[in-house]
Amino acid sequence: AQSVAQPEDQVNVAEGNPLTVKCTYSVSGNPYLFWYVQYPNRGLQFLLKYITGDNLVKGSYGFEAEFNKSQTSFHLKKPSALVSDSALYFCAVRLESYQTGANNLFFGTGTRLTVIP
Amino acid sequence: DAGITQSPRHKVTETGTPVTLRCHQTENHRYMYWYRQDPGHGLRLIHYSYGVKDTDKGEVSDGYSVSRSKTEDFLLTLESATSSQTSVYFCAIRAGSGNTIYFGEGSWLTVV
């Protein structure tokens with residue numbers, strides 16, 4: 001069965017320091033991986049995705065993620081955290097429905113990032 | 001902005017009453033989804049649609065039904081609401097290169 005895990009419920013980082021939000025996955029076949037961010041009382045916003053190719057994926061707001069096949073990880077990173085980065089972050093893996101072509105997403109439980117001024 | 005409008009955005013209803021949430025999109029996307037968000041569970045798929053009148057169940061479909069009579073609207077119905085259905089409901093569409101899924105702003109439902 002395909003799954004994704006976010007081992008940390010909460011991550012705290014000082015403003016200006018690098019941040020990492022962890023994600024590990026378990027899929028059969030090639031993984032399609034996504035990161036989303038959710039600000040309070042808002043919907044999820046797409047940050048970036050890995051489909052194939054370069055293991056370092058760059059996304060919105062200065063975020064990037066590194067795909068590591070041997071460690072089955074897809075950690076989200078940013079070189080210098082901002083207070084405005086404080087939010088809930090979700091990792092997701094795409095589940096393919098060959099019958100319908102719907103390609104649904106299976107989500108991790110989320111990691112709350114707090115950037116301390 | 002994914003061109004998704006959810007309504008109502010907030011609703012309080014009583015146990016046992018029917019509730020319908022509407023998702024409206026303006027960009028003719030084929031695939032639409034309903035997810036619910038609960039603490040400790042992330043987002044879980046309820047139902048999805050792959051075309052007009054074409055729908056299928058997701059991970060947590062019990063107690064929910066959906067309908068899609070036209071491309072732009074995807075309705076989620078709770079036939080008889082229960083307190084366990086208190087949640088935030090998100091509609092989503094699939095679009096763009098790589099078939100990325102984009103979300104609406106959510107509907108907060110409280111069943112008392």
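This text goes with the structure placed above it.
Below, the structure is looked at part by part. (Residues numbered from 1 in each chain as written. Chains lettered and ligands numbered in written order. Predicted model: local features only at pLDDT ≥ 70, side-chain atom pairs only at ≥ 80, totals over all residues. Heavy atoms only, no water.)

**Some points on the overall build of chain A**
- For chain A, the count of helices and strands is zero helices and twelve strands.
- Start at the N end of chain A and walk to the C end: the helices and strands fall as β-β-β-β-β-β-β-β-β-β-β-β.
- Expected size for 117 residues packed as a compact globule is a radius of gyration near 13 Å; at 14 Å, chain A falls within 12% of this value.
- Looking at the 117 residues of chain A, the share that counts as buried comes to 47%.
- By element, 49% of the accessible surface of chain A is carried by carbon and sulfur atoms, the whole surface being about 5500 Å².
- Of the side-chain charges in chain A, 9 are positive and 8 negative, and the distance between the mean point of each set is 4 Å. (Helix = DSSP H or I, 4+ residues; strand = E, 2+ residues; numbered from the N terminus. Rg over C-alpha atoms; globule rule 2.2 N^0.38 Å. Buried < 20%, exposed > 50% of the residue type's maximum accessible area, 1.4 Å probe, protein only. Areas by Shrake-Rupley, 256 points an atom, 1.4 Å probe, with all protein chains shown as cover. Lys, Arg positive; Asp, Glu negative; His and termini not counted. Charge placed at Lys NZ, Arg CZ, Asp CG, Glu CD.)

**Section: unusual backbone geometry**
- The omega torsion across B:S7 and B:P8 is -10 degrees, close enough to zero to call that bond cis.
- Within the secondary structure, B:P8 sits in the loop between β1 (4–7) and β2 (10–13).
- Despite not being glycine, A:Y61 shows a phi value in the positive range, around 60 degrees.
- Relative to the helices and strands, A:Y61 is located in the loop between β7 (56–58) and β8 (64–68).
- Under the relative-accessibility criterion, A:Y61 is labelled partly exposed at 47%.

**Points about the nonpolar core**
All names here are of chain A.
- W35, L47, L48, F74, L76 and Y89 are the most contacted members of the largest nonpolar core, which totals 27 residues.
- Contributing elements (two or more residues each) for this core: β2 (10–14), β3 (19–21), β5 (33–38), β6 (44–50), β8, β9 (73–78), β10 (87–95) and β12 (111–116).
- Of all the elements, β10 adds the most residues to this core, at four residues. (Core = buried A, V, L, I, M, F, W, Y, C linked by side-chain atoms within 4.5 Å.)

**Points about the pairing of β10(A)**
All names here are of chain A.
- Most of β10 is tucked away: eight of the nine residues are buried.
- Note: β5 against β10, six bridges, orientation antiparallel. Across the sheet, residue V37 finds its bridge partner in β10, namely Y89.
- Two elements, β10 and strand β11 (residues 104–107), share four bridges in a ladder whose sense is antiparallel. Paired with A92 across the two strands is F107, which belongs to β11. (Pairing = 2+ DSSP bridges.)

**Comments concerning the state of the cysteines**
Residues and elements named next belong to chain A.
- In this structure the tally under the stated criterion is two disulfides over all chains.
- Residue C23 pairs covalently with C91 via a disulfide, S to S 2.0 Å. Here the disulfide of C23 and C91 is left-handed, its torsion about the S-S bond being about -65 degrees. Here the residue C23 occupies a position in the loop between β3 and β4 (24–26), and C91 occupies one in strand β10, the gap between them amounting to 68 residues. (Disulfide = S-S within 2.5 Å.)

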